[in-house]
Amino acid sequence: MSQVDELLRNKVSYLADRASDEDIAISTRIRLARNLNGLPFPSAAAPEQFRAAAEAVAEAVERKKLLGGGAFRFDLETLLPLDAEVLFERRLASRELLRRETGAAVHVSGDESLAVMVNEEDHLRIQTLKPGFQLEAAWETIDELDNRLSAELDFAYDETLGYLTACPTNVGTGMRVSVMLHLPGLVLAGQLNQVVQGIAKLGLAVRGIFGEGTDNRGNLYQISNQSTLGESEPEIIARLKRVIEQVITHEKNARSNLLEHDRCKLLDLVGRSYGTLRHSYILSSEEALKTLSGARLGVDMNMFSSLDIHTVNELFVAINPAHLQKLAGRTLQGAERDIFRAQTVRELLRRTGSN
Amino acid sequence: MLCDICKKNEATIHIQEITNGQKKVIHMCQECAATQHGQGGLDFGPFNLAEVLYKLSGQSGAKSADDDSAASHVPAKDPDAADLVCGECGWTEEKLRKTGKLGCAHCYTVFAPLLGEAFKNMHRGLSHLGKHPAGNSANAELHICRARISKLQKELQQAIANEEYENAAVLRDRINELKQQCDRAAGKGERE
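Residues numbered from 1 in each chain as written. Chains lettered and ligands numbered in written order. Predicted model: local features only at pLDDT ≥ 70, side-chain atom pairs only at ≥ 80, totals over all residues.

Draft legend 1. The overall build of chain B, seen in detail. Within chain B, the secondary structure is distributed over seven helices and two strands. Element order for chain B, N to C, with α for helix and β for strand: β-β-α-α-α-α-α-α-α. Counting all 192 residues of chain B, 30% fall into the buried class. Pairs at least 24 residues apart make up 43% of the contacts formed inside chain B by residues separated by at least 6 positions. (Helix = DSSP H or I, 4+ residues; strand = E, 2+ residues; numbered from the N terminus. Buried ≥ 20, exposed ≤ 12 C-beta atoms within 10 Å, placed from the backbone. Contact = placed C-beta atoms within 7 Å.)

Right, here's the structure in full:
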């Protein structure tokens, strides 16, 4: 059994349970960019320099067991493309890391809550992923891991500019904090654009999670900080937190407004979503995301007695192409994949006792 | 800040050029930047704005999920100036303009003249106020010192704005004291 197969037995860390009763903020991620002194950044590195960076990081992480006992190490060069895709779908590796031909690796803690990408845009991208809205807890976790890493590795750091990163947009703290929000209420009420414009004015970035362009079928949005220099980490986190709390309040208001004034529209969306998931035989990735978003909204608003949040979360991951193919145990082309996706979703919903 | 062209969307692209000591700045939204490029560029002097815009419109679809490229923030090139090259890693000014990235830690010194302006557009300040690598106690002292100065400077501005001059004088003295302390810490903390 490969290491990736072991991962597949885990519940995905950022969705595994609900940290609190917060259902709008799905997950919190903090990522720190760090580089090693004495080696050029990956942007200018030669193959042997990629390897030197990868070895230095592996040595530090493994010898000191910085990611705990059951940690994984994936060397992208020797990993099967499908397994690499699984890492991407589980948010443990980025597209940029997957494209790197030499020396790319990712170290992952046994529960997947911590990961260290090596030779992405920077030598190290250290991340923590937590379910729900847990900015402070995520900061504590990543701060500690970063401290332990910096005791082993010599990070490129300047007294004035802070941590030096390949891209000047990350210099300073090297920190990118992002919270994934599920905002179907604001989308339905047609207020999302207003909120997005407002957030942009505050110097924060908003991005749709799945799919390209503006058509975000899963109603999932990620809000993150843009500026990394001139504020301390806790200041950045506090600023982001205030904004996100407001977005959550807007989403809650939009939902209760819908319930009060447009009840049928809401029930119809949730009902159709569930019906599609439960009864379709061909399910595209877009349709799956859209209907899972509807089902999640229904669960959040206590409309189901039989469908629970765990099942919905599990499906959000299971419907991704690489996960489906791992489950099927073979390569699935487009049309075949949509059929298998529908089958997987139906079976999972049946198994959890809903009808 | 609104886009200078459509006056509707939030401006996310800021282009700046200094020619013969004259500074020109234009703020655009992504859409207008792409449109302007399609129409052959803006009437914005002889410098190569088209090149800048080309990179912008090219990257808009393909940029990575987490990072905005720095290329859009780097001020346009002065045609008379020689290209900067990093002596450590060989990174060039052209590569910086094209990718928005640097090649190594030393590049921050080499390309400092280009980055200073860019930082103002990208970030909320020009110096780091966050954490520092573990196990460097002299640096830690320096750091705490700088953070205190920065906090007091904000208070000082507030005090002046409120016309609380007595308070302002106290703050000013405290800042000067801290600056000396800071210099001592920096002397100790210098590496190698």
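Draft legend 2. Fine view of the domain arrangement of chain A. All names here are of chain A. Along its sequence, chain A is carved into domain 1 (3-182) and domain 2 (263-351). The gap between the C-alpha centroids of domain 1 and domain 2 is 29 Å. Counting residues at the interface gives ten residues for domain 1, matched by twelve residues for domain 2. For the side of domain 1 that touches domain 2, the class distribution of residues is five nonpolar, one polar and four charged. (Domains from an automatic or database assignment. Nonpolar A, V, L, I, M, F, W, Y, C, P; charged D, E, K, R; others polar.)

Draft legend 3. Main features of the interface of chain B and chain A. With 38 residues of chain B at the interface, the matching set in chain A holds 40 residues. Residue assignment for the side of chain B that touches chain A shows that the elements contributing at least two residues are helix 5 (112-122) and helix 6 (137-161) of chain B. Top element by residues in the side of chain B that touches chain A is helix 5 of chain B. It accounts for four residues. When its residues are assigned to classes, the side of chain B that touches chain A shows 19 nonpolar, twelve polar and seven charged.

Draft legend 4. Summary view of the sheet that holds strand 4 (residues 114-118) of chain A. Residues and elements named next belong to chain A. Taken in spatial order, the eight strands make up an open sheet running 2-3-4-5-1-8-10-9, and their pairing is antiparallel. Each having just a single partner strand, strand 2 (72-75) and strand 9 (204-208) make up the two edges of the open sheet. Adjacent strand axes in the sheet meet at a mean angle of 20° when their direction is disregarded. Direction of pairing for strand 1 (residues 25-34) relative to strand 8 (residues 175-182): antiparallel, over a ladder of seven bridges. When the bridges of strand 8 are listed, Leu-32 appears paired with Met-175. (Pairing = 2+ DSSP bridges. Axes fitted to C-alpha atoms, helices over the stretch in contact; angles between N-to-C directions.)

Draft legend 5. Region of the structure containing the pairing of strand 8 of chain A. Residues and elements named next belong to chain A. A large share of strand 8 lies buried, amounting to eight of its eight residues. Burial along strand 8 is two-sided: Met-175, Val-177, Val-179 and Leu-181 and Arg-176, Ser-178, Met-180 and His-182, pointing in opposite directions, are all buried. The pairing of strand 8 with strand 10 (residues 220-225) spans five bridges and is classified as antiparallel. Looking across to strand 10, one finds that Val-179 is bridged to Ile-223.

Draft legend 6. Representation of the confidence of the model for chain A within the structure. With 94% of its residues at a pLDDT of 70 or more, chain A shows a mean pLDDT of 90. Per-element averaging of pLDDT across chain A places helix 1 (residues 3-8) of chain A at the bottom with 82 and strand 4 of chain A at the top with 98. (pLDDT = per-residue confidence, 0-100.)

Draft legend 7. Region of interest: the environment of Val-206 of chain A. Residue and element names in this part refer to chain A. Assignment of secondary structure puts Val-206 in strand 9. Classification of Val-206 by C-beta neighbours within 10 Å gives partly exposed; the count is 19. For the pair Val-206 and Ile-223, spaced 17 residues apart in the sequence, the C-alpha separation amounts to 4.6 Å. For Val-206, the contacting residues outside a window of four places in its chain are Val-196, Ile-199, Ala-200, Tyr-221 and Ile-223.

Draft legend 8. Highlighting the nonpolar core. The biggest cluster of nonpolar side chains holds 116 residues, and the ones touching the most others in it are Val-106, Val-116, Val-118 and Leu-181 of chain A together with Cys-104 of chain B. At seven residues, the largest contribution of residues to this core is made by helix 8 (residues 233-261) of chain A. The two domains that each donate at least three residues to this core are domain 1 (3-182) and domain 2 (263-351) of chain A. Setting aside its immediate chain neighbours within four residues, Val-118 of chain A contacts Ala-53, Ala-54, Val-57, Ala-104, Ala-105, Val-106, His-123 and Leu-124 of chain A. (Core = buried A, V, L, I, M, F, W, Y, C linked by C-beta atoms within 7 Å.)

Draft legend 9. Representation of the pairing of strand 10 of chain A within the structure. All names here are of chain A. The element strand 10 is extensively covered by neighbouring structure, given that five of its six residues are classed as buried. Sheet analysis places strand 9 next to strand 10, joined by five bridges and oriented antiparallel. When the bridges of strand 10 are listed, Val-206 appears paired with Ile-223.

Draft legend 10. The packing of helix 12 (residues 321-328) of chain A against helix 13 (residues 334-351) of chain A, seen in detail. Residues and elements named next belong to chain A. Two elements in contact, helix 12 and helix 13, have axes separated by 10 Å at closest approach and are oriented at 75°. In terms of orientation, helix 12 lies roughly perpendicular with respect to helix 13. On helix 13, the residues that touch Pro-321, Leu-324, Leu-327 and Ala-328 of helix 12 are Arg-337, Phe-340, Arg-341 and Thr-344. Partitioned by chemical class, the residues of the contact of helix 12 with helix 13 number five nonpolar, one polar and two charged. (Parallel < 35°, antiparallel > 145°, perpendicular 65-115°, else oblique.)

Draft legend 11. Molecular detail of the environment of Gly-69 of chain A. Residue and element names in this part refer to chain A. For Gly-69, the location among the structural elements is in the loop between helix 2 (47-63) and strand 2. Take Gly-69: there are 7 C-beta atoms within 10 Å of it, and that puts it in the exposed class. Placed 276 residues apart in sequence, Gly-69 and Val-345 show a C-alpha to C-alpha distance of 34 Å.

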